[in-house]
Amino acid sequence: MKKISDLTDILNVISTSEMGAEVNEQYKTLLLSALSEEFNAWYFYLITKEFVVGDGYKDVRELFTETAEDELEDHAYWLIDRIKQLGYSVEQIAHPSSWASVAEHPFIKPSFEETNTICPKRVLEIAIQSELDAIATYTNLVEFTNAIKDSTSNLKLREILADEEEHLNKLRDLYNSIK
Ligand SMILES: [Fe+2]
Ligand SMILES: [Fe+2]
């Protein structure tokens, strides 16, 4: 007998066989790109928070810790689940070095000043840009899943889009509060 979770998986799968090869390829490309961007964002927040020094550094650390958690534990894990349910291969992004070429928006490398320090305002500028990129990514995915009538994905992607907008607002507020 099938477990409830298996049945939920079956109900959540739109018929990829009816979508046609070209649409499937486009969908897979968009999902793998979004997942690579989530891994990039998670890593960016994780690594930079350790080196921020200067006015507002504690608030930056706190916000980056909480944002990194959203990017990985909510957004990336949901994308992984959905990619599995749809039956797409993740082979293309199995190595971290592939994330740069698969992600539509680039990872912006933080610049270190002196020895291993990062300026709070400069790192916030990069984070703001990466959230703007994430908003573009999810706006596109929301439109795409609406067009192909994948309502399960569409619902969650709208939630993720709202999260990215919230990340952006919090980063901007913090940026404006620092001298
Ligand atoms: Fe995200
Ligand atoms: Fe984000």
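Residues numbered from 1 in each chain as written. Chains lettered and ligands numbered in written order. Predicted model: local features only at pLDDT ≥ 70, side-chain atom pairs only at ≥ 80, totals over all residues.

Asker: Help me out: how do you make sense of the overall build of the protein chain in this one?
Answerer: On a plain count of helices and strands, the protein chain comes out with 6 helices and 0 strands. For the protein chain, the succession of helices and strands along the chain, N to C, is α-α-α-α-α-α. For the protein chain, the C-alpha atoms occupy an extent of roughly 55 × 35 × 30 Å along the three principal directions. Looking at the protein chain as a whole, 27% of its 179 residues are labelled buried. (Helix = DSSP H or I, 4+ residues; strand = E, 2+ residues; numbered from the N terminus. Buried ≥ 20, exposed ≤ 12 C-beta atoms within 10 Å, placed from the backbone.)

Asker: What exactly am I supposed to notice about the nonpolar core here?
Answerer: Generally speaking, nonpolar side chains in soluble globular proteins are found buried as a group. In terms of nonpolar packing, the biggest core is built from 28 residues, with L31, L35, V60, V123 and L124 touching the most fellow members. Looking at this core, the elements that each hand over two or more residues are helix 2 (21-48), helix 3 (57-86), helix 5 (120-147) and helix 6 (151-177). When residues in this core are grouped by element, the largest group, 9 residues, is from helix 2. For L124, the contacting residues outside a window of four places in its chain are V60, L171, L174 and Y175. (Core = buried A, V, L, I, M, F, W, Y, C linked by C-beta atoms within 7 Å. Contact = placed C-beta atoms within 7 Å.)

Asker: I would appreciate a short explanation of the environment of H105 in the present structure.
Answerer: Residue position: H105 is located in the loop between helix 4 (99-102) and helix 5. Since 18 C-beta atoms lie within 10 Å of it, H105 is described here as partly exposed.

Asker: Explanation requested: the packing of helix 3 against helix 6 in the structure shown.
Answerer: For any two helices packed against each other, one specifies the crossing angle of their axes together with the interaxial distance. At their nearest, the axes of helix 3 and helix 6 sit 11 Å apart, and the two run at 165° to each other. Taken together, the axes of helix 3 and helix 6 lie roughly antiparallel to each other. As helix 3 runs across helix 6, the sense of the crossing is left-handed. Contacts between helix 3 and helix 6 involve D59, V60, L63, T67, D70, H75, W78 and R82 from the former and S153, K156, I160, D163, H167, K170 and L174 from the latter. (Axes fitted to C-alpha atoms, helices over the stretch in contact; angles between N-to-C directions. Parallel < 35°, antiparallel > 145°, perpendicular 65-115°, else oblique. Left-handed = near helix turned anticlockwise from the far one by under 90°.)

Asker: Quick question: what am I supposed to make of the environment of Y138 here?
Answerer: Tracing the chain through its elements places Y138 in helix 5. Along the chain, Y138 and A34 lie 104 residues apart, while their C-alpha atoms are 7.8 Å from each other. The residues touching Y138, leaving out its near neighbours within four places in the chain, are L157, I160, L161 and E164.

Asker: Please clarify how unusual backbone geometry should be interpreted in this entry.
Answerer: Backbone phi values are negative for most residues with the exception of glycine, while trans is the configuration of most peptide bonds. If you check the backbone angles, N116 has positive phi at about 55° while not being a glycine. Looking at the secondary structure, you find N116 in the loop between helix 4 and helix 5. Judged by the 9 C-beta atoms lying within 10 Å of it, N116 falls in the exposed class. A positive phi angle, close to 60°, is found at K149, a residue other than glycine. Following the sequence through the fold, K149 ends up in the loop between helix 5 and helix 6. We classify K149 as exposed; it has 9 C-beta atoms within 10 Å.

Asker: Where do I start with helix 6 in this structure?
Answerer: Working note: α-helix, 3.6 residues per turn, so residues spaced by three or four point in the same direction. The terminal C-alpha atoms of helix 6, which comprises 27 residues, lie 39 Å apart, in line with the 39 Å expected from a rise of 1.5 Å per residue. For helix 6, the full list of buried residues reads S153, L157, I160, E164, H167, L171 and L174. Buried residues belonging to helix 6 abut helix 3 and helix 5. (Expected span 1.5 Å × (residues − 1).)

Asker: Looking at this model, I keep getting lost on the packing of helix 2 against helix 5. Mind explaining?
Answerer: Between helix 2 and helix 5, whose axes approach to 11 Å, the crossing angle comes to 160°. Between helix 2 and helix 5, the crossing angle belongs to the class labelled roughly antiparallel. Regarding helix 2 and helix 5, the two cross each other, and that crossing is left-handed. Residue-level contacts link Y27, L30, S33, A34, E37, A41, F44 and T48 of helix 2 to V123, S130, D133, A134, T137, N140, L141 and F144 of helix 5. Of the residues belonging to the contact of helix 2 with helix 5, the class tally is 9 nonpolar, 5 polar and 2 charged. (Nonpolar A, V, L, I, M, F, W, Y, C, P; charged D, E, K, R; others polar.)

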